[in-house]
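# Results of the structural survey
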Amino acid sequence: MLFPSKLEGFGRQIIEAGISKTPVVCSDIGPFKETGQRDCMYFKIGENPKKTARNIIKFLDSIPTSRAYRRQIRQYSLK
């Protein structure tokens, strides 16, 4: 899940994503950091988009299930 919010009252979305075992990439605002702690990838709003994209790819590559999913889709999809 990608949450590029500038302002949130509470990070409910982060909790829901965690419960469903979904990787989370979100802005580094207080509510997201409080609920996501060390389990999300954070980025600064206004950061260079190419840098953010590279960091997201690195983050997803560090998650074995995410890496396996992408490989299997590439390798075994019906084209």
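Refer to the structure above for everything that follows.
Here the structure is a predicted model, which means the values were calculated and not measured. (Residues numbered from 1 in each chain as written. Predicted model: local features only at pLDDT ≥ 70, side-chain atom pairs only at ≥ 80, totals over all residues. Heavy atoms only, no water.)

Along the chain, the position of lysine 33 falls in helix 2 (residues 30–36). C-alpha of lysine 33 to C-alpha of isoleucine 14: the two residues are 19 residues apart in sequence and 9.3 Å apart in space. Apart from the residues lying within four places of it in its own chain, the contact partners of lysine 33 are Asp28 and Tyr42. (Helix = DSSP H or I, 4+ residues; strand = E, 2+ residues; numbered from the N terminus. Contact = heavy atoms within 4.5 Å.)

If you trace the three strands from one edge of the open sheet to the other, you get 1-2-3, paired in parallel fashion. Two strands close off the open sheet at either side, each with one partner strand: strand 1 (2–3) and strand 3 (41–43). The sheet strands contacting helix 3 (residues 49–61) are strand 2 (25–27) and strand 3, and the helix crosses strand 3 at an angle near 175°. (Pairing = 2+ DSSP bridges. Axes fitted to C-alpha atoms, helices over the stretch in contact; angles between N-to-C directions.)

The subject of this paragraph is the nonpolar core. Phe3, Ile14, Ala17, Val24, Cys26, Ile29, Phe32 and Cys40 form the largest nonpolar core, which has eight residues in total. Setting aside residues no more than four positions away along its own chain, cysteine 40 makes contact with Ile14, Val24, Cys26 and Phe59. Among the nonpolar cores identified, the runner-up in size contains five residues, and Val25, Met41, Phe59 and Ile63 belong to it. (Core = buried A, V, L, I, M, F, W, Y, C linked by side-chain atoms within 4.5 Å. Buried < 20%, exposed > 50% of the residue type's maximum accessible area, 1.4 Å probe, protein only.)

Taking 1.5 Å of rise per residue, the 13 residues of helix 3 would be expected to cover 18 Å, and the 18 Å separating its terminal C-alpha atoms lies within 8% of that figure. By the N-cap criterion, in which a side-chain oxygen at the helix start approaches the backbone nitrogen of a residue two or three places on, helix 3 is capped by asparagine 48, the distance to lysine 50 being 2.7 Å. (Expected span 1.5 Å × (residues − 1). Polar contact = N/O pair within 3.5 Å; in protein donor to acceptor, adjacent residues only side chain to side chain.)

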